[in-house]
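What the coordinates show
If you want the building blocks of each chain, they are given just below.
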Amino acid sequence: TVTDVVTVEKLEHTQGSFPLCVKSLYDHVKKEHHLRHHGRLQLGLFFKGVGVPLEEATRFWRTHFTKKQGVDDNRFDKQYLYNIRHMYGQEGKRANYTPYSCMKIIMTSVSPGESHGCPFRHSDGVSLRVKLAEANIPATGVKEIMELVEKHHYQIACQRYFEWTHNKATVEGGVNHPNQYYGDSLKAIS
Ligand code: SF4
């Protein structure tokens with residue numbers, strides 16, 4: 001139905017419900033007006049999974065990417081539009097691509113200069129601590145989360161992050177998917 005359509009404005013309005021992996025990509029796009037291929041896929045498929053239609057997704061990428069010097073509408077169309085439409089099965093094999101699960105994101109490899117992946121797995125300790133502090137997680141929470149990360153319990157670390165940022169509400173059954181995290185967050189704060 002029309003009411004289920006997630007607009008660019010709704011994304012912006014609900015960004016507090018993004019898991020850290022989505023927040024990192026979203027903030028990167030807004031700050032740098034650019035995102036490399038794997039990041040565009042990870043964020044773009046998350047958008048698709050929460051109900052952002054192709055037209056709105058295109059508007060999101062176009063608005064931000066054309067803020068970068070040298071990228072006008074024409075260049076945007078040539079360089080990025082195909083990939084965006086491809087994610088929605090509108091080009092090529094017309095495959096139905098689904099948003100990535102935590103497991104897939106955690107197992108992915110991230111090269112220097114790329115921003116995709118799971119911050120609990122792929123961020124260095126210093127930047128992860130900064131992200132936790134930005135989310136106003138108290139020192140006890142930061143300590144607990146960093147210990148989980150050291151033991152490679154990334155999804156449990158993410159669940160603790162959810163609990164600290166949602167007044168101790170939790171994710172039923174644990175965090176397995178960024179789209180599930182977002183949905184549970186919207187429920188918890190409504
Ligand atoms: Fe994202 Fe999953 Fe990592 Fe949480 S555990 S930050 S939802 S990939």
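Predicted model only: the values in this text are computed from it and were never measured.

**Structural notes on the environment of Thr 7**
Within the secondary structure, Thr 7 is located in the segment before α1 (8–13). Thr 7 sits in the partly exposed class, given a relative accessible area of 26%. In sequence terms Thr 7 and Pro 53 are 46 residues apart; their C-alpha atoms lie 7.9 Å from each other.

**Quick notes on the site of the ligand**
Contacts to the ligand come from Pro 19, Cys 21, Cys 102, Ile 105, Cys 118, Pro 119, Phe 120, Gln 155, Cys 158, Val 175 and Pro 178. Mapped onto the shell around the ligand, the elements with two or more residues apiece are α6 (102–107), α7 (119–122) and α10 (154–165). A per-class count over the shell around the ligand returns 10 nonpolar, one polar and no charged.

**Focus: the pattern of salt bridges**
Scanning the entire structure with this criterion turns up 12 salt bridges. With a shortest N-O distance of 3.6 Å, Glu 32 and Lys 31 are connected by a salt bridge. Judged by its relative accessible area of 36%, Glu 32 falls in the partly exposed class. Judged by relative accessible area, Lys 31 falls into the exposed class, the value being 65%. The salt bridge partner of Glu 144 is Arg 160, with a shortest N-O separation of 3.1 Å. Residue Glu 144 is found in helix α9 (residues 139–150), and its partner Arg 160 is found in helix α10; the two are separated by 16 residues along the sequence. The exposure class of Arg 160 is partly exposed, given its relative accessible area of 23%. Three or more residues joined by partner-sharing salt bridges are found here, namely Glu 9, Glu 56 and Arg 59.

Basis of the calculations
Residues numbered from 1 in each chain as written. Predicted model: local features only at pLDDT ≥ 70, side-chain atom pairs only at ≥ 80, totals over all residues. Heavy atoms only, no water. Helix = DSSP H or I, 4+ residues; strand = E, 2+ residues; numbered from the N terminus. Buried < 20%, exposed > 50% of the residue type's maximum accessible area, 1.4 Å probe, protein only. Near = heavy atom within 4 Å. Nonpolar A, V, L, I, M, F, W, Y, C, P; charged D, E, K, R; others polar. Salt bridge = Lys/Arg side-chain N within 4 Å of Asp/Glu carboxyl O.

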